[in-house]
Amino acid sequence: MKDLTPSQTIGPFFLEGLRWAIDAVPRDFGVPMARVTGTVFDADGQPVPDALLEVWQPALADHAYPGARLPGFQRADTREGGRFEFWVPEPGANAVEAHVTVFARGLLNGLFTRVYLPAAGEATAPMPDAVPADRRATLLARRCDRHPRTWLWDVRLQGDGETVFFAFA
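Heads up: these notes are all about the structure in this document. Since we're looking at a predicted model, the values are computed, not measured.

1. Describing the environment of leucine 107
Reasoning step 1: The residue leucine 107 is located in the loop between β5 (96-103) and β6 (111-117) in this model.
Reasoning step 2: Among the residues examined, leucine 107 registers a relative accessible area of 21% and is labelled partly exposed.

2. Re the side chain of aspartate 50
Reasoning step 1: Inspection of the secondary structure assignment puts aspartate 50 in the loop between β1 (33-41) and β2 (52-56).
Reasoning step 2: Side chain to side chain, aspartate 50 and arginine 105 meet in a polar contact 2.9 Å long.

3. Some remarks on the nonpolar core
Reasoning step 1: Ranked by internal contacts, the top residues of the largest apolar core, which has 23 residues, are Phe86, Leu117 and Trp153.
Reasoning step 2: For this core, the secondary-structure elements that each account for two or more residues are β1, β2, β4 (83-89), β5 and β6.
Reasoning step 3: With four residues, the single largest contributor to this core is β5.
Reasoning step 4: With residues up to four places along the chain from it excluded, the contact list for leucine 117 reads Ala34, Val36, Val88, Pro91, Ala95, Val96, Ala125, Ala141 and Trp151.
Reasoning step 5: In this structure, Tyr116, Ala125, Val131 and Leu139 belong to the second largest nonpolar core, which totals eight residues.

4. Some remarks on the side chain of arginine 114
Reasoning step 1: Structurally, arginine 114 is set in strand β6.
Reasoning step 2: Of the polar contacts made by the side chain of arginine 114, one reaches the side chain of histidine 99; its length is 3.4 Å.
Reasoning step 3: Polar side-chain contacts of arginine 114 include one of 3.1 Å to the side chain of tyrosine 116.
Reasoning step 4: In contact with arginine 114, not counting residues within four places along its chain, are Glu97, Ala98, His99, Val100, Pro128, Leu139, Trp153 and Phe166.

5. Observations regarding the sheet that holds β5
Reasoning step 1: Pairing is antiparallel across the open sheet formed by four strands, whose spatial order is β3-β2-β5-β6. The sheet is open, and its two edges are formed by β3 (73-77) and β6, each paired on a single side. Pairs of neighbouring strands in the sheet enclose a mean axial angle of 25°, with direction left out of account.
Reasoning step 2: Across five bridges, the pairing between β2 and β3 is antiparallel.

Criteria and cut-off values
- Residues numbered from 1 in each chain as written.
- Predicted model: local features only at pLDDT ≥ 70, side-chain atom pairs only at ≥ 80, totals over all residues.
- Heavy atoms only, no water.
- Helix = DSSP H or I, 4+ residues; strand = E, 2+ residues; numbered from the N terminus.
- Buried < 20%, exposed > 50% of the residue type's maximum accessible area, 1.4 Å probe, protein only.
- Polar contact = N/O pair within 3.5 Å; in protein donor to acceptor, adjacent residues only side chain to side chain.
- Core = buried A, V, L, I, M, F, W, Y, C linked by side-chain atoms within 4.5 Å.
- Contact = heavy atoms within 4.5 Å.
- Pairing = 2+ DSSP bridges.
- Axes fitted to C-alpha atoms, helices over the stretch in contact; angles between N-to-C directions.

Here is the structure:
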């Protein structure tokens, strides 16, 4: 191969090409779970109704919850209004983190980020030192007042309040 070619986006129907790959997540996990829900927003602050989030939870892959039926990997699609949801273990004495890759129309490659749920009684969670203090809030989920096992976290692809994204070589 003489020259490298750029990645390709499949156009405005990104999610339709992968709907087959989105599994229904069971509701009985064997341990208390937290629902993370939010909206993916574009640079203009408009919801992205056809994005796909891939969520990987390293603690689950390491079998930190013996006997539980937990999905270490999930896919969550955005629906009308750009809304998504996925499941993580409910934080107790330890904070919970999940790695998230965002795919959407117009992106040539996925965007890598994380979401953190603080330990019980804590206001924040440990994050990499490379994340500037004034931008850490973009990675931090907040507990919903009306539903204690629901956490709110939005993804902003660009613009004011843009979510912190990580580069991997």
